[in-house]
Amino acid sequence: MVDSIAATSLVGHRPLWGGLGLYCKDISYKRKFSDVSQFPLMEFLGRRISAPPYLPRRGDDRSGALSIKALAMELTKEAHSYREEERIPRNWRYRIDTGIDRKPGLWPPENKADNSSLHNPLLRQERMGCGWLGAIFEWEGVIIEDNPDLEKQAWLALSQEEGKSPPLAFVLRRIEGMKNEQAISEVLCWSRDPAQLRRMASRKEEIYQALQGGMYRLRTGSQEFVNVLMNYKIPMALVSTRPRKNLETAIGTIGIEGYFSVIVAAEDVYRGKPDPEMFVYAAQLLNFIPERCIVFGNSNQTVEAAHDARMKCVAVASKHPVYELGAADLVVRHLDELSVVDLKNLAAIESTEFGSGEPEMEMEPEEAPYTSTSAAVDNDFW
């Protein structure tokens, strides 16, 4: 850079004759004695730089070139210092992209699993990877064997005790997965009094527990799959519309205490399925975003609730046939058919349902064709 400035320093400024002498070449290649050029004040990168008024007399062209090169060195230093001051900010207040004003459809999509407050880069990378996920299990029909006939008999016995008409079969199918209070007030319409709702709901559970007899049996492959998740340190939650006391008693009877870090029972939520409240609350207790949670259920109500909560759902065909559970993201007969790789693929953020993996094409809205209020005339007719 110094050589280039030295070579071109006399090109952009016409010399003003006068002062000390300097040897230079003309087109006839003869040496002449001429006065040294006096450089005027000039603008250089926004700063005024004053050249020395006189150059020392030299005996040959080489000495003059060295003098010009020294001046070019000074100009180069000024240029570098100016650029460094412009490059380095003084307040260090950078603009942080929070993604609030991010327009939909921009690429790349925002990774919702990222947490910028984490100071450990390895932990932050693990959160952003598809291996970071949580599992939410339903109790009956997924972990233990489910007997729908006992639930039906409990409702029929309660209707007889309360002097109500027995619920029909399609009504019993509709209230599957609901809380007892929700089913009595919204579907069966037996009462709206909160005290009566609590009393009838408690009585229904007593009838069910009496019919159950305290006999619980694990489904085939459920304990093996839960052990695999425990080995990979994947946190698990258990949700059920049963009272917490009955749920904890059943867990102790089977002997799977300590497997589930979160238990959501009937007392923790206001509504049951198909409302996603249970699954959303379980994800909050697990400290996971909904897109990284996988729900394991055995009914279409579970699939609907999981998708409303923006979660993936694995349906276990324990009560319904496989073809009736096609709305689920994955359908299995037993949990041991799954692998951790399947769960990682399901927990990936970039999926078809929650945002395409490729940027979408924005289509311009078509303008409505202009229609005249007057009667149209067909020129071809005439």
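Provided above is the structure to which this section pertains.
All of these numbers come straight from a predicted model, not from anything done at the bench.

For the rest of this paragraph, the subject is the overall build of the protein. A tally of regular secondary structure across the protein gives twelve helices and ten strands. Classification of the 382 residues of the protein by burial places 36% in the buried group. Once local pairs closer than 6 in sequence are excluded, the contacts in the protein between residues at least 24 apart make up 64%. For the protein, the exposed surface amounts to about 24,400 Å²; the carbon and sulfur share of it is 53%.

The next point concerns empty space enclosed by the protein. If you walk through the whole model with that rule in mind, you get three cavities of 30 Å³ or more. One number sums up the size of the largest cavity: a volume of about 60 Å³. Looking at the largest cavity, the residues that line it are Trp139, Glu140, Tyr208, Gln209, Tyr216, Arg242, Asn246, Leu247 and Ala250. Elements represented by at least two residues in the lining of the largest cavity include exactly helix H7 (194–212) and helix H9 (244–254). By residue number, the principal contributor to the lining of the largest cavity is H9, which donates three residues. Of the residues that constitute the lining of the largest cavity, the class distribution is five nonpolar, two polar and two charged. When its volume is computed, the second largest cavity comes out at roughly 40 Å³. What lines the second largest cavity is simply Ile143, Leu218, Ser222, Gln223, Val226, Ile256, Tyr259 and Phe260.

This part covers the pattern of salt bridges. Taken as a whole and assessed by the stated rule, the structure comprises 16 salt bridges. With a shortest N-O distance of 2.6 Å, Lys273 and Glu138 are connected by a salt bridge. On the criterion of sequence distance, the pair formed by Lys273 in the loop between strand S7 (262–264) and helix H10 (277–286) and Glu138 in strand S5 (residues 134–138) is long-range, its members being 135 residues apart. In terms of burial, Lys273 and Glu138 fall into one category: buried.

So, on to helix H6 (residues 180–187). Structural remark: α-helix, 3.6 residues per turn; residues separated by three or four positions point the same way. For H6, the buried fraction is high: six of the eight residues fall into the buried class. All of the buried residues in H6 are Asn180, Gln182, Ala183, Ile184, Ser185 and Val187. Against the buried residues of H6 lie helix H4 (148–162), helix H5 (169–174) and H7.

Spatial strand order, S7-S6-S5-S8-S9-S10: six strands in an open sheet with parallel pairing. On the outer flanks of this sheet lie S7 and strand S10 (330–332), each paired with one strand and no other. On average, adjacent strands in this sheet sit at an angle of 20 degrees to one another, irrespective of strand direction. In terms of strand pairing, S5 meets strand S8 (residues 293–297) through four bridges, oriented parallel. Counted as the bridge partner of Ala135 is Ile294 from S8. Each of S5, S8 and strand S9 (312–316) touches helix H11 (residues 300–308); the most contacted strand, S9, lies at about 170 degrees to it.

Here we take up unusual backbone geometry. Residue Pro274 is bonded to the preceding Lys273 through a cis peptide linkage, with omega at 5 degrees. Note that Pro274 resides in the loop between S7 and H10. For Cys189, which is not glycine, the phi torsion reads 55 degrees and is therefore positive. Mapped onto the elements, Cys189 comes out in the loop between H6 and H7. Here the phi dihedral of Lys233 falls at roughly 60 degrees; this positive angle occurs in a residue that is not glycine. Position of Lys233 relative to the elements: it lies in the loop between helix H8 (222–231) and strand S6 (236–239). With a relative accessible area of 75%, Lys233 lands in the exposed category.

All right, on to the nonpolar core then. By size, the foremost hydrophobic cluster in this structure holds 31 residues, and its most contacted members are Phe137, Trp139, Ile143 and Phe296. Every element with two or more residues in this core is listed here: S5, H8, S6, H9, S8, S9 and helix H12 (340–346). Among the elements that line this core, the one with the most residues is H9, at four residues. In this structure, Trp132, Met278, Ala306 and Met311 belong to the second largest nonpolar core, which totals 26 residues.

On to the packing of aromatic side chains. Applying the stated criterion across every chain, the model contains five aromatic pairs. Between Phe137 and Phe225 the ring centres are 6.2 Å apart and the planes differ by 70 degrees, which places this aromatic pair in the edge-to-face class. One end of the pair, Phe137, is in strand S5; the other, Phe225, is in helix H8, and 88 residues separate them in sequence. Take Phe225: its relative accessible area is 3%, and that puts it in the buried class. Judged by centre distance (6.3 Å) and plane angle (70 degrees), the rings of Trp155 and Trp190 are edge-to-face. On the criterion of sequence distance, the pair formed by Trp155 in helix H4 and Trp190 in the loop between H6 and H7 is long-range, its members being 35 residues apart. We classify Trp155 as buried; its relative accessible area is 3%. Grouping aromatic residues by their ring pairs yields a cluster made of Phe137, Phe225, Phe260 and Phe296. Between Lys204 and the ring centre of Tyr208, over which it is positioned, the NZ or CZ distance is 5.6 Å.

Rules used in this analysis
- Residues numbered from 1 in each chain as written.
- Predicted model: local features only at pLDDT ≥ 70, side-chain atom pairs only at ≥ 80, totals over all residues.
- Heavy atoms only, no water.
- Helix = DSSP H or I, 4+ residues; strand = E, 2+ residues; numbered from the N terminus.
- Buried < 20%, exposed > 50% of the residue type's maximum accessible area, 1.4 Å probe, protein only.
- Contact = heavy atoms within 4.5 Å.
- Areas by Shrake-Rupley, 256 points an atom, 1.4 Å probe, with all protein chains shown as cover.
- 1 Å grid on protein atoms, 1.4 Å probe; cavity = no way out; pocket = protein on both sides within 12 Å on 5 of 7 lines; lining within 4 Å.
- Points joined across faces, edges and corners; volume = space filled by probe spheres on them.
- Nonpolar A, V, L, I, M, F, W, Y, C, P; charged D, E, K, R; others polar.
- Salt bridge = Lys/Arg side-chain N within 4 Å of Asp/Glu carboxyl O.
- Pairing = 2+ DSSP bridges.
- Axes fitted to C-alpha atoms, helices over the stretch in contact; angles between N-to-C directions.
- Core = buried A, V, L, I, M, F, W, Y, C linked by side-chain atoms within 4.5 Å.
- Phe/Tyr/Trp six-rings, centres within 6.5 Å; stacked < 30°, edge-to-face > 60°.
- Lys NZ or Arg CZ within 6 Å of the ring centre and 35° of its normal.

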